[in-house]
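Topology and contacts: notes
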Amino acid sequence: NGLAITPKLKELGINSRHLVWEKDTNNPDVLTFDRGFTRLANSVMASMERLISLQSILYLNASQMLKMPAFKEADLIHLHIIHSGYLRISDLKRISQLKPTVWTLHDPWAMTGHCIHPFDCNRWQNGCGNCPSLEIPFALRRDTTQFLFNHKHDIYNQSTFEVIVASKWMQNMVEKSPLFKKSKTHLIPFGLDLDFFSPATTPFARRHFAIPGTGTRSLQ
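Conventions used here
Residues numbered from 1 in each chain as written. Predicted model: local features only at pLDDT ≥ 70, side-chain atom pairs only at ≥ 80, totals over all residues. Heavy atoms only, no water. Helix = DSSP H or I, 4+ residues; strand = E, 2+ residues; numbered from the N terminus. Contact = heavy atoms within 4.5 Å. Pairing = 2+ DSSP bridges. Axes fitted to C-alpha atoms, helices over the stretch in contact; angles between N-to-C directions. 1 Å grid on protein atoms, 1.4 Å probe; cavity = no way out; pocket = protein on both sides within 12 Å on 5 of 7 lines; lining within 4 Å. Points joined across faces, edges and corners; volume = space filled by probe spheres on them. Nonpolar A, V, L, I, M, F, W, Y, C, P; charged D, E, K, R; others polar. Core = buried A, V, L, I, M, F, W, Y, C linked by side-chain atoms within 4.5 Å. Buried < 20%, exposed > 50% of the residue type's maximum accessible area, 1.4 Å probe, protein only.

Our focus in this paragraph is the environment of Cys-131. Its location among the elements puts Cys-131 in the loop between β4 (101–104) and α6 (145–158). Non-local contacts of Cys-131, meaning those with residues more than four positions away in its chain, are made with His-114, Asp-143 and Thr-145.

Each strand in a sheet pairs with another by means of backbone hydrogen bonds, the pair being arranged parallel or else antiparallel. Pairing within the open sheet is parallel, and its four strands lie in the order β3-β4-β5-β6. Edge positions in the sheet fall to β3 (77–79) and β6 (185–187), since each of these pairs with one other strand and no more. The sheet shows a mean angle of 25 degrees between the axes of neighbouring strands, direction not considered. With three bridges joining them, β4 and strand β5 (residues 162–165) adopt parallel strand pairing. From the neighbouring strand, Thr-104 faces β5, where its bridge partner is Ile-164.

This structure, assessed with the given rule, holds two cavities of 30 Å³ or more. Taken as a whole, the largest cavity encloses approximately 120 Å³ of empty space. Broken down by class, the residue content of the lining of the largest cavity amounts to eight nonpolar, six polar and one charged. Roughly 50 Å³ of internal volume is contained in the second largest cavity. As for the second largest cavity, its lining consists of His-80, Ile-81, Ile-82, His-83, Trp-103, Thr-104, Leu-105, His-106, Asp-107 and Ala-110. Here the residues of the lining of the second largest cavity sort into five nonpolar, four polar and one charged.

Leu-92, Trp-103, Leu-105, Met-111, Tyr-156 and Phe-180 are the most contacted members of the largest nonpolar core, which has 33 residues in total. Those elements that provide at least two residues to this core are α3 (61–65), β3, α5 (91–98), α6, β5 and α7 (168–176). Those residues within four positions of Tyr-156 in sequence are excluded, and the remaining contacts are Ile-89, Leu-92, Trp-103, Ala-110, Phe-161, Leu-179, Phe-180 and Lys-182. Counting five residues, the second-largest nonpolar core is a separate cluster that includes Leu-54, Ile-57, Leu-140 and Leu-148.

Structure below.
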């Protein structure tokens, strides 16, 4: 998704670089961490967090990221899925102190005590603790949800970032969350490339896939 929008940004005079965990392209604008010690340390930290029921508390990757020339040259940092294996939540404070920062939320984890989706549980609105569903990813061996919730609360309050969501559903959750009272939220739906997905391609697509009919249909 990031690479798809890169040429559109360049048309607007904006250059972007992408820091990813698994790089599967030779594109010089896509960066990753050094594989040796970083991967080993990350594996150890992940095992320790699972053992003592913590999430995004121990990881050391941000210290390497902050030294990268791409970070130092950046005018803006755009965070995506940073949790459970990538950054410490406490790194948000340092990152946002050094650079203007926005954070796109792809799931509700940032608002809960541990789970990636609370389903019908509303405890994320008042502090978690006594979690009824520790088995929901990201699962915990014991209930540390109140501690993790309060840790997020403290770090968010010490950080300065703006939140991006792609749906009104997520926007409603953020507005109900006591963790994001300080942060400005932007609703920016995920877009489509209208040069690629356009009505003009419909006849060709129908012929190519042998779909009968000449009209257009919309999925409800």
